[in-house]
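One-letter residues, chain by chain:
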Amino acid sequence: MTTRRHRSQTDENAPPTKRVRLQEPRRVEEWEEDEEGEESDEMDQSQNPDFVPPTMVEAEVGIIERVTLKNFMCHSRLEFNFGPNVNFIVGRNGSGKSAVLTAMVVGLGGKATVTNRGSSVKAFIKDGQNFAEVAIKLRNRGTDAYKPELYGDSIIVERRLTTDGSTQYKLKSSSGRLISRKREDLSYILDQYNIQVDNPVAILNQDTSRNFLHSKNPHDKYKFFLKATQLEQMTNDYSTIQEQKTLMKDTVKRREECLPDLEKEVFLLENRVKALGSLEKLKEKKEKLEHMAAWAQVAEIEKDLEPIAKAIRQEEARRPKFDKRVDESKEKLNVCSGQCKEIQEKLSLLGEKLKELKPKHAEARSGLESSKKACKSAQANLRKLHSHFRNTERDKQQLEEKIEEMKNTAQQDFEAERRQREDQIQRLENQQATLTAQLATTEQQLDQFAKAINHDKEQSYTLRRREQDLQGNIDNTQRRLKNLEASRENKVAVFGNWVPALLREIDKLYQQRRFRRKPVGPVGAHLSLTDQNWAIGVEACLKNLIHSYCCDNHEDENLLNKLLNDFVPRNRPRPSVITSQFMDSNYDIRDGAVQGSQYPSFLDIVKTDNPVIYNCLVDQRSVESVLLIEDSAEARSYLRRHPPRNCREAFTIAGDQVYAGAEQRYYSNFARNARYITADVEQQIRETEQELNGMKREQEGVQRQHTEINSSIRANTTQKNQMLTRRMKLHEQCSKVQFDINELKNYEEPTPVDVTTLEEEVKSYTDQMLEYQQQIEVSKTNLSELDNRYKEAEEIYKDVDQDVNDLAETVDPLKDELTKANMEEATAKDHVKHYEGKRKEHETKIGDLRKKHQLKEKEIAGTVEKATKIYPERMVVKRTAANIDSEIAQITLNIELEQQNYDDPGEVYRLYEESKKKYSNIKAEIKNFNAVVKKFNSILKEREKAYGMFLRLIAARSKIIFVRLLSSRKISGKLDFNHKEKLLKLSVQPTQGESTMAKDMKALSGGERSFSTVCFIMALWEAMDSPFRALDEFDVFMDMVNRRISVDMMLKVAKEQKMRQFIFLTPQDMSKITANPLVRISRMHDPERGQDHLRFNEQDDEDDDSA
């Protein structure tokens, strides 16, 4: 038996209600045959070849063919196709299975509370997104189809959710044509198909299933039974009828209470037959006052004319004062300009003199440097000669000492001395080997310190460059954050904090008619996006064009350039000005636009309502030939192999630029956020602040690293210097030891004393010393001459340099005077500009007063003309118009009151007939209402009787089916209904148990409880007529045996009800079930970190392309 929902109010445009299908109870013999078949079948029915019927029969209306999600819960994009009968969705926890079930409820108009996943639909929008969309395609075929001439073979229901809590519906035909946006039309469709999104048995989610499993309250189970069978809806409808009946009784009571008042009113109208008095005197007085009021207005306006004329005379008297100020400021400007010119001429003469002195100064400086160089050379030569003399003298002294030593030791025994010398050489060589090893170690350490210092210096240079780059980025980001914060009050401030002031000045000049056509800009301020995700790509495409301004002609361009020079800061780039004649309509770009592309074009995403901006984008950027492709790899492949007609380039969602053609060019974009075209300024401010904080933290880290590296450089440099000192000492020690070894090795054995040769060598040293002395004397004389020449060159250079300095000292005061004169000249120009502006404002003020005077005269003429029409002769009125009008209003009120008191007999009779008719109508309504209430009482009794019969039949049927389904697991149980107390108890007794008493649900194991719940849900399925049923994680607590039996049982029910659609969601492995035309199994990928969307891998090869 099936019950249906009823709307409390009827609609003439609503479609005819679909007839109720009655499912006849199956005969007991058929149930017994089925039970025998189940007991004999020990295999999965999904693996039986006879599961697929020879002739396919599918539901024609109401089943779900496809579900499409966008930014919904964990899914960025997901499109999922359903089969006509059985659908398994398999996936681990967190893969997004339940999101599909939630989308079915929300997409078909269900409330967020029905899903048990949130209190508001905006909670289903994916984090970081502004909206979510759910599209559900319902089958619409056959005789029960809903308006097939409009929708076709299917109906597409789209629901869009936004973060502000609003929602939009779209009902489309099978071809995608929009049919309706009304929620009530969706209600008609759901009624036609008998889709029950709020029925917990039609769509059973995790929470409802879990709550039912753990519920211990029989009252809750009974409420669940009523809601699932829609008997609760019938009860609510009967309550609504009872409330309507009560309202009708209250209405009858109120109508009966007002009858005495109506009867009294009729009596009073019958007695009102008085004669009407005359009102002529009041009307004549009113007419006279109206004449006076007309001429009183003329007198008041004439009084307002005199102050204006007086103001004009006063302003014209002030005109000579402004002329005098302008002449005085111009005269002072001429004086200042003459002073500037005179000082510039003096500076020019001094510059010529300085130019003449420069060659002499350079020549004197060259002579001085050459003399100084010669003196230094002579001094070096003299020092060299002294050094040679001293060395020769030392060699002579040593040679003489050696001769004396040879003479004294000629007769000594040198054998012991020779052995001692050899031992000392051996000891010194060992010492030298040790020093050489130490020196090699020191050299190695020194090289390591040098490499460490060089490496640290390279890192220090890199970090210093990085710190400078970060500081520049921080400055730019702070400036951008300031512009974003200013854009809270004015959105154009995001293009620069000076832009709002510029636009106000443009508006002001345009109102003063300085511009022929008002310039338009900046370009980015007139653009909007249909999809905010493309903001970075659009900004990368437009680049600096986003800051540009458009002008209609060159005169406007010159004026706008002057404004830009005044408003744009010097450290900021100046936006470009594009001059092209303005058109009131968009270009026709059909011939040049991209054709035959599956991707959106630039103009599909970017919208503007200004034809000037639209045409500028086409002229300057050729946007009609630009595609927007989300993935860069896909964009490169698409434009390299199959570029569509007229496509020149494409941009990705990250802003990368891809050119079409075989020799493809590709340019990456490094911008991470959109700066100008954004829908959510607050979000961008938060992101910019986060970016700024990140850069500051990175800067602090770089500074810490820089400080650490500098400390390392100083420490390594100290170690390096210590190693250098150690190396120098080791070199000195090695040299000393080597010298001692060479001295010992070169020691010659004494021979018989013959000092003749040595004495001759002493004589040669003496001769060399005499020669060096002569050369020293010559060098001293030469040095004295060179020193005299240097002093003479120095005196010449000082004289020329003094002349140059004297000229410079003369030029500097003149420069100061010129600067002062230039400032005075600029001040004089400002004064001229100021007073000319004041004079212009004064003339404008006089012109405005004259216009006001003329308008007032015209107003007086018009008022006189009106007053003449009212009364031709002018009246001298001392009263104000407001006072007269007040008296006229009082007289008018008195006239109206008199007319109310003295109505004519015809009007009184008309009112009497109306009151009498109203009295009769109310009496008739009371009689009709009483008859309807009586009829309601009779119908409600019949309905309540039928409701009781439905309740007992559905409960009995559910009991039988529940017992039958439990028997497939060899479990006994029953459903115990108490309709009077509204209680439902489930009792289940596994046959393997030791106890023979039936157990309550809470005493069962998790698997037994889940299996019993599935049996109860399937029993309720027999009492409802929804085109599809959905279960989420029905087997979560089942063991393998219970799961296999439950799946077989559900597949068997699905086989018997091929006109119904079944959707099962489970995290368990369904690999043992074989997919076929009636069974479709879809597996979701495991959840991944950073996953944007989920992909499906269909087992059914025939459905790979559609799923």
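Only a predicted model underlies this, so the values are computations on that prediction, with no experimental measurement involved. (Residues numbered from 1 in each chain as written. Predicted model: local features only at pLDDT ≥ 70, side-chain atom pairs only at ≥ 80, totals over all residues. Heavy atoms only, no water.)

Caption draft 1: Quick look at the overall build of the protein chain. On a plain count of helices and strands, the protein chain comes out with 23 helices and 23 strands. Relative to its 1107 residues, the protein chain shows a buried fraction of 40%. A sequence separation of at least 24 residues applies to 76% of the contacts in the protein chain between residues at least 6 apart. For the protein chain, the computed accessible surface area is about 65500 Å², with 48% contributed by carbon and sulfur atoms. (Helix = DSSP H or I, 4+ residues; strand = E, 2+ residues; numbered from the N terminus. Buried < 20%, exposed > 50% of the residue type's maximum accessible area, 1.4 Å probe, protein only. Contact = heavy atoms within 4.5 Å. Areas by Shrake-Rupley, 256 points an atom, 1.4 Å probe, with all protein chains shown as cover.)

Caption draft 2: Layout of the sheet that holds strand β14 (residues 649-651). In space, the 4 strands of this open sheet follow the order β13-β14-β15-β16, with mixed pairing throughout. The outermost strands of the open sheet, each flanked by one partner alone, are β13 (626-628) and β16 (666-667). Here strand β15 (residues 657-659) runs beside β16; their pairing, made up of 2 bridges, is antiparallel. Bridge pairing in β16 places Q657 opposite Y667. Docked against the sheet, helix α17 (residues 632-641) engages β13, β14, β15 and β16, running at close to 15 degrees with respect to β15. (Pairing = 2+ DSSP bridges. Axes fitted to C-alpha atoms, helices over the stretch in contact; angles between N-to-C directions.)

Caption draft 3: Spotlight on the confidence of the model for the protein chain. Here the protein chain averages 78 in pLDDT, and 84% of its residues register 70 or above. At the level of individual helices and strands, the protein chain shows its lowest average pLDDT in helix α1 (residues 28-40), which scores 36, and its highest in strand β10 (residues 549-551), which scores 95. pLDDT under 50 marks residues 1-56. Its contacts with residues more than four places away, or in other chains, come to 93 contacts. Taken as a whole, residues 273-279 scores under 50 in pLDDT and shows 9 contacts with residues more than four places along the chain or in a different chain. (pLDDT = per-residue confidence, 0-100.)

Caption draft 4: Region of the structure containing unusual backbone geometry. The omega torsion across G521 and P522 is -10 degrees, close enough to zero to call that bond cis. Secondary-structure assignment places P522 in the loop between α12 (499-511) and β9 (528-529). Positive phi values are uncommon outside glycine, yet M73 reaches one of about 50 degrees. Among the structural elements, M73 can be located in the loop between β1 (61-72) and β2 (75-81).

Caption draft 5: The arrangement of the packing of aromatic side chains in detail. For the structure shown, the criterion picks out 8 aromatic pairs. Taken together, a centroid distance of 5.4 Å and an interplanar angle of 40 degrees make the contact between F88 and F1064 tilted. In this pair, F88 sits in strand β3 (residues 86-90) while F1064 sits in strand β21 (residues 1061-1066), placing the two residues 976 residues apart along the sequence. Note on F1064: relative accessible area 0%, which makes it buried. When the ring of F1062 is compared with that of F1064, the centres are 6.2 Å apart and the planes differ by 20 degrees; the resulting orientation is stacked. By relative accessible area, which is 0% here, F1062 ends up buried. (Phe/Tyr/Trp six-rings, centres within 6.5 Å; stacked < 30°, edge-to-face > 60°.)

Caption draft 6: Molecular detail of the packing of α12 against helix α14 (residues 554-567). At a closest axis distance of 11 Å, the pairing of α12 and α14 adopts a crossing angle of 145 degrees. Seen from above, α12 lies across α14 with right-handed handedness. Residues A501, L502, E505, I506 and L509 of α12 lie in contact with α14, whose contacting residues are L559, L560, L563, L564 and F567. Each residue belonging to the contact of α12 with α14 can be placed in one class, and the counts come to 9 nonpolar, no polar and 1 charged. (Left-handed = near helix turned anticlockwise from the far one by under 90°. Nonpolar A, V, L, I, M, F, W, Y, C, P; charged D, E, K, R; others polar.)

Caption draft 7: Summary view of the pairing of strand β18 (residues 983-990). Counting buried residues in β18 gives 6 out of 8 residues, a clear majority hidden from the surface. With 8 bridges connecting them, strand β17 (residues 971-978) and β18 associate as antiparallel partners. Bridge pairing in β18 places N978 opposite L983. Connecting β17 to the next strand, β18, in antiparallel fashion are 4 residues, including K982 with a positive phi near 55 degrees.

Caption draft 8: The arrangement of a negative patch on the surface in detail. Taken together, the side chains of E795, D799, D803, D806 and E809 define an acidic patch exposed on the protein surface. Tracing the backbone shows D803 in helix α19 (residues 756-870). The partly exposed category is assigned to D803, whose relative accessible area is 37%. (Patch = residues over 30% accessible without salt bridge, like charges linked within 9 Å, V, L, I, M, F, W, Y side chains within 5 Å. Salt bridge = Lys/Arg side-chain N within 4 Å of Asp/Glu carboxyl O. Lys, Arg positive; Asp, Glu negative; His and termini not counted. Charge placed at Lys NZ, Arg CZ, Asp CG, Glu CD.)

Caption draft 9: Quick look at the pattern of salt bridges. Under the criterion given, the structure shown has 25 salt bridges. R313 is the partner of E306 in a salt bridge, and the nearest nitrogen-oxygen pair spans 3.3 Å. The class of R313 is partly exposed, set by a relative accessible area of 48%. Notably, a salt bridge pairs K856 with E859, separated by 3.4 Å at the nearest N-O pair. Placement of both K856 and E859 in helix α19 is noted, with a separation of 3 residues, approximately one turn of the helix. By relative accessible area, which is 16% here, K856 ends up buried. Bridged by salt links that share partners, the residues E65, K137, R139 and R141 form one connected network.

Caption draft 10: Inspection of the sheet that holds β2 at higher detail. Judged by pairing direction, the sheet is antiparallel, and its 6 strands sit side by side in the order β2-β1-β4-β5-β6-β7 without closing on themselves. Edge positions in the sheet fall to β2 and β7 (178-180), since each of these pairs with one other strand and no more. Strand-to-strand, the axes of this sheet are offset by a mean angle of 25 degrees, without reference to chain direction. With 7 bridges joining them, β1 and strand β4 (residues 131-140) adopt antiparallel strand pairing. Looking at β4, one finds that R66 is bridged to K137. Across the sheet, helix α2 (residues 97-107) is in contact with β1, β2, β4 and β5 (154-162); its angle to β1 comes to roughly 110 degrees.

Caption draft 11: Main features of the nonpolar core. Ranked by size, the top nonpolar core spans 97 residues in total, and within it F88 and F225 carry the most contacts. By size, the runner-up hydrophobic cluster in this structure holds 51 residues, among which are L527, C551, L559 and V577. (Core = buried A, V, L, I, M, F, W, Y, C linked by side-chain atoms within 4.5 Å.)

Caption draft 12: Main features of α17. Among the residues of α17, A635, Y638 and L639 are the ones counted as buried. Each buried residue of α17 sits inside an arc of 90 degrees when the element is viewed along its axis, so together they form one side. Where α17 begins, one side-chain oxygen reaches toward the backbone nitrogen of A633, 3.3 Å away; that side chain belongs to D631. (Arc of directions from axis to C-beta. Polar contact = N/O pair within 3.5 Å; in protein donor to acceptor, adjacent residues only side chain to side chain.)

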